[in-house]
Amino acid sequence: MIPMPRIEKLRAFLFENTSLRQTVAKNTIWQGVGITTSRLVKAVLVIYAARLLGTHGYGIFSYALGIAGFFSVFSDIGLGGILTREASKAPSSLQTYFSTTLVLKLIFTLASFILIIGITPFITNIPEALPLIPLAALIIALDGLRDFVLTLARVKEKMQIEAALHAITNISITAFGLFAVLSQKTPAVLLLGYALGTALGTISALWYFREYLRNFWKFFERTLVLTILKEAWPFAFVGVLGIVMTNTDTIMLGWFLDAEAVGLYTAALRPVQLFYFLPVILSVSLFPPFARLAGKNPEQFRRVFEAALLLTFLLSLPLLAGGLVLSSDIIQFVFGPGYLEATPAFTVLLFTLLTNFPAALLVNAIFAHGKQERYAGALFLGAIGNALLNVVFIPLYGIVGAAIATLTAQLLAYGSMWYVLEHIAPFVLFRRLPRIVLATLGMAGAVFLMKTLGLHILATTILGAALYFILLVLFKEPVLRHLNIKKLIS
């Protein structure tokens, strides 16, 4: 039995905020547990549905959600980020800022919903997706509203609440989705299951934060509207460009090719996207400290940012190396032999781990300094580049061309952001990477050997991950000090 003092220390570590490092660690752990559990649970639905619907049906489902998501940016103009930043600086203003931004959020969400339904019939070449658009638009609207309300948990730096509500949402989506797709193997029924699960998750979030929602209109501050919109427009512009970068591939594949190509490309993208949440967990946990330290304590900001940035490469490099060695095995194991044509695109998209992981930190670090307009140009370059490259590469190389366009666009956009932040808040990284690179190479060699010997992919993955962290310990990688949970608890 664990002695009571230790239980009390563990409880305090997991549920209270006592220091910067402990708070970041606690929030990161809760975000990691909640989102990892949610993603894994939801992955069951995605994998099973993809196998049941086949590439054509899964492509229709993915296209409907993708094209609705393309217009979702009009419902989120950066209001959540503005609320987090301002309330973190002045907690007493939370209710006023929340109520005012919520009214704006509801207005923009309604406008976005109408826009999706009105415009989609004129821009899609997959007619089977048209009847699904209203339901997809509803899912996007509910997702946006829930994520906005969960900003309250981020402001209070209680990510255990956000993690729990994310878990409720994704477990609900999986439960309803599985029931739906087992009853009838069609994209429409699967989308209905998604909508029911999303609605339950959103209702749960609204109920938990009902104290802030009760008579919220009474706290609406009209004089803040112009200030918020003025602060939010660069973030909104960046949001538009971000949505363009992430959804252009799906839409343009629908234009140039067909639903089957969309299904194959989505299958190539899903395993990679499964890991995109890792840096998001860290960046969300760090944003309130970033906002407090930016411009006030540059040296501490630099130390925190460099440690976090190094951690993103500690995670992304082995994922890339292992994924490259096991690419075809991963696609076949996850989606089945019918999706093996997605392997070349999957191989290219794996390299986006190196661009996407640090990008989450770069965006929040720049935003914490109030310089969001500085990275708008970087994303504009990436978004325009992605669209133009898709026009060139998709007709030539199909889904592989779309993957190349995505990778190139991310290199342009996130490389520019790196340059911007180095001039706002100088930092160093590459001279601290050798140990991580050596551990990655050692792991990749071992994984290749295990694959050659015919070891099962799950055993190979587990042993490869274990070997990687053993090598990091043997090489005495300094960043591991920041993962000393026992020290944080004590």
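Asker: Sorry if this is basic, but what is going on with the nonpolar core here?
Answerer: Residues Tyr194, Phe290 and Phe305 are the most contacted members of the largest nonpolar core, which totals 107 residues. In this view, Phe305 contacts Phe290, Leu361, Leu362, Ala365, Leu421 and Phe427; residues no more than four positions away in its chain are not counted. In terms of nonpolar packing, the next biggest core, distinct from the first, is built from 28 residues, Leu104, Tyr212, Leu213 and Val225 among them.

Asker: Honestly, helix H14 (residues 327-335) in this entry has me stumped. Any pointers?
Answerer: An α-helical turn contains 3.6 residues, so any two residues separated by three or four positions project in the same direction. All of the buried residues along H14 are Ser327, Ile330, Ile331, Val334 and Phe335. Buried residues along H14 cover an arc of 95° about the axis, so they all sit on one side. Positive backbone phi, at 100°, marks Gly336, one or two positions downstream of H14.

Asker: Looking at this model, I keep getting lost on the side chain of Ser204. Mind explaining?
Answerer: Looking at the element boundaries, Ser204 is found in helix H8 (residues 187-208). Exposure remark for Ser204: the relative accessible area of 18% places this residue in the buried category. Those residues within four positions of Ser204 in sequence are excluded, and the remaining contacts are Leu165 and Ile168.

Asker: Teacher, can you tell me more about the confidence of the model for the protein chain here?
Answerer: Interpretation of the predicted coordinates at a detailed level should be avoided for regions scoring low in pLDDT. Mean pLDDT over the protein chain stands at 81; residues scoring 70 or higher make up 82%. When mean pLDDT is compared element by element in the protein chain, helix H15 (residues 343-350) scores highest at 95, while helix H21 (residues 485-489) scores lowest at 41.

Asker: Teacher, can you tell me more about the packing of aromatic side chains here?
Answerer: Both the distance between ring centres and the angle between the ring planes are used here to describe each pair of aromatic rings. Under the criterion given, the structure shown has 10 aromatic pairs. Ring centres of Phe335 and Tyr339 lie 5.4 Å apart, and the angle between their planes is 40°; on these two criteria the pair is classed as tilted. Here the two residues Phe335 and Tyr339 agree in accessibility, since each one is buried. Measuring from centroid to centroid gives 6.1 Å for Phe393 and Tyr397, while their planes differ by 40°, and the two rings are tilted. A residue pair is termed a helical-turn pair when its members lie 3 or 4 positions apart in one helix, as Phe393 and Tyr397 do in helix H17 (residues 376-397) at four residues. Through successive ring pairs, a cluster of aromatic residues spans Tyr58, Phe61 and Tyr194. The residue whose ring lies beneath Arg210 is Trp207, and the NZ or CZ to ring-centre distance is 4.0 Å.

Criteria and cut-off values
- Residues numbered from 1 in each chain as written.
- Predicted model: local features only at pLDDT ≥ 70, side-chain atom pairs only at ≥ 80, totals over all residues.
- Heavy atoms only, no water.
- Core = buried A, V, L, I, M, F, W, Y, C linked by side-chain atoms within 4.5 Å.
- Buried < 20%, exposed > 50% of the residue type's maximum accessible area, 1.4 Å probe, protein only.
- Contact = heavy atoms within 4.5 Å.
- Helix = DSSP H or I, 4+ residues; strand = E, 2+ residues; numbered from the N terminus.
- Arc of directions from axis to C-beta.
- pLDDT = per-residue confidence, 0-100.
- Phe/Tyr/Trp six-rings, centres within 6.5 Å; stacked < 30°, edge-to-face > 60°.
- Lys NZ or Arg CZ within 6 Å of the ring centre and 35° of its normal.

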